[in-house]
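As a plain string of letters, each chain reads:
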Amino acid sequence: ITAYTWVTAKNRIKGLESEPNNTMAQANVLSDNLNVIGHMNTRKSNNESDSDYFRVNIAEKKRLSARVSASRGMNINLWILAEYGQEIAKVEREGIGLGEQMSCIPVKPPHFFVKVFAKLQGSDDEPKENPKEAYTLGLKLDESGTCAESEPNDDQQGQIQNVLRFDRITRAVLDTTNDID
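This one's a predicted model, so the numbers in the text were calculated from it and none came from an experiment.

Take the packing of aromatic side chains next. The description of an aromatic ring pair rests on the distance of the ring centres and on the angle between the ring planes. Enumeration according to the criterion identifies 1 aromatic pair in this entry. Both rings, one in Trp-79 and one in Phe-117, keep their centres 5.2 Å apart while their planes meet at 85 degrees; by these two values the pair is edge-to-face. Placement of Trp-79 in strand 6 (residues 76–81) and of Phe-117 in strand 9 (residues 111–118) is noted, with a sequence separation of 38 residues between them. Residues Trp-79 and Phe-117 agree in their burial class; the two are buried. A cation over a ring is seen here: Lys-115 above Trp-79, with NZ or CZ 4.8 Å from the ring centre. When the ring centre of Phe-117 is taken as origin, the NZ or CZ atom of Lys-115, which lies over that ring, is 4.6 Å away.

See below:
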């Protein structure tokens, strides 16, 4: 069963993605419930999938942990964007049929965006969309100083770097089979 909630006035949702939410301006606003069920609908072109945007309003600096489940036959990716669309973090490492996750990402008020989309190679044999199978997006906000390791931190180009200090214990986790710290 596929369920959609069509809402006017700021696209506020409770648990189910509401289309259209293909741009930051159309983003579904998440308030009480930071767990969402969504679908990858019709792709925009041969090499651009449907994009689902969600906006989270916050009053103070937080640390975000996020995960998105897999959608069969699709390479689902997860990006975190600042208020004006600047990239804060992205994770695109797991591949077709696997979910993605990141942890302890610093986010600032007044809001940030979460973008969920499928990475397409542009071939006609790829799934064009998968509206019958849902993905789940789970977000968790923690106080600013409560996390240890930030993910993604697989390489040193454009990703959040973890600074180790000799006077502190650092907790780190290999989140997935492809995670590198």
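A few words now on the sheet that holds strand 10 (residues 130–143). Read across the sheet, 4 strands follow the order 3-10-5-8 without closing on themselves; strand pairing throughout is antiparallel. The open sheet has two edge strands with one neighbour each: strand 3 (35–40) and strand 8 (100–107). Each strand axis lies, on average, 25 degrees off the axis of its neighbour in the sheet, ignoring direction.

The next thing to look at is unusual backbone geometry. Omega for the peptide link from Glu-19 to Pro-20 comes to 0 degrees, which places this bond in the cis form. Positionally, Pro-20 belongs in the loop between strand 1 (12–13) and strand 2 (28–30). With an omega dihedral of 10 degrees, the bond running from Pro-109 to Pro-110 counts as a cis peptide bond. Structurally, Pro-110 is set in the loop between strand 8 and strand 9. Positive phi, normally seen in glycine, also occurs at Cys-104, with a value near 60 degrees. Residue position: Cys-104 is located in strand 8.

For the structure on display, the rule yields 3 salt bridges. When the shortest N-O distance is used, the salt bridge between Glu-60 and Lys-62 registers 3.5 Å. Owing to a relative accessible area of 43%, Glu-60 belongs among the partly exposed residues under this scheme. When its relative accessible area of 15% is taken as the criterion, Lys-62 is described as buried.

What follows deals with the pairing of strand 6. Within strand 6, 6 of the 6 residues are buried, which leaves it mostly tucked inside the rest of the structure. Every second residue of strand 6 is oriented toward a common face, with Ile-76, Leu-78 and Ile-80 on one face and Asn-77, Trp-79 and Leu-81 on the other, all of them buried. Bridge count between strand 6 and strand 9: 6 bridges; the pairing is antiparallel. When the sheet's bridge partners are listed, Leu-78 is paired in strand 9 with Val-116. Where strand 6 meets strand 7 (residues 87–91), 4 bridges bridge the pair, whose relative direction is antiparallel. Along strand 7, the bridge assignment pairs Leu-78 with Val-91.

Another point: the nonpolar core. In this structure, Leu-78, Val-114, Val-116, Leu-137 and Leu-139 are the most contacted members of the largest nonpolar core, which totals 26 residues. Listing elements by their share of this core, those giving two or more residues are strand 3, strand 4 (51–57), strand 5 (62–68), strand 6, strand 7, strand 8, strand 9 and strand 10. When residues of this core are assigned to their parent elements, the largest contribution, 4 residues, is made by strand 9. If near-sequence neighbours (up to four positions away) are discounted, Leu-78 is found in contact with Ala-66, Arg-67, Val-68, Ala-89, Lys-90, Val-91, Glu-100, Met-102, Val-114, Lys-115, Val-116 and Leu-137. Counting residues in each nonpolar core, the second largest holds 6 residues, with Tyr-53, Leu-81, Phe-113 and Phe-117 among its members.

Parameters and conventions
Residues numbered from 1 in each chain as written. Predicted model: local features only at pLDDT ≥ 70, side-chain atom pairs only at ≥ 80, totals over all residues. Heavy atoms only, no water. Phe/Tyr/Trp six-rings, centres within 6.5 Å; stacked < 30°, edge-to-face > 60°. Helix = DSSP H or I, 4+ residues; strand = E, 2+ residues; numbered from the N terminus. Buried < 20%, exposed > 50% of the residue type's maximum accessible area, 1.4 Å probe, protein only. Lys NZ or Arg CZ within 6 Å of the ring centre and 35° of its normal. Pairing = 2+ DSSP bridges. Axes fitted to C-alpha atoms, helices over the stretch in contact; angles between N-to-C directions. Salt bridge = Lys/Arg side-chain N within 4 Å of Asp/Glu carboxyl O. Core = buried A, V, L, I, M, F, W, Y, C linked by side-chain atoms within 4.5 Å. Contact = heavy atoms within 4.5 Å.

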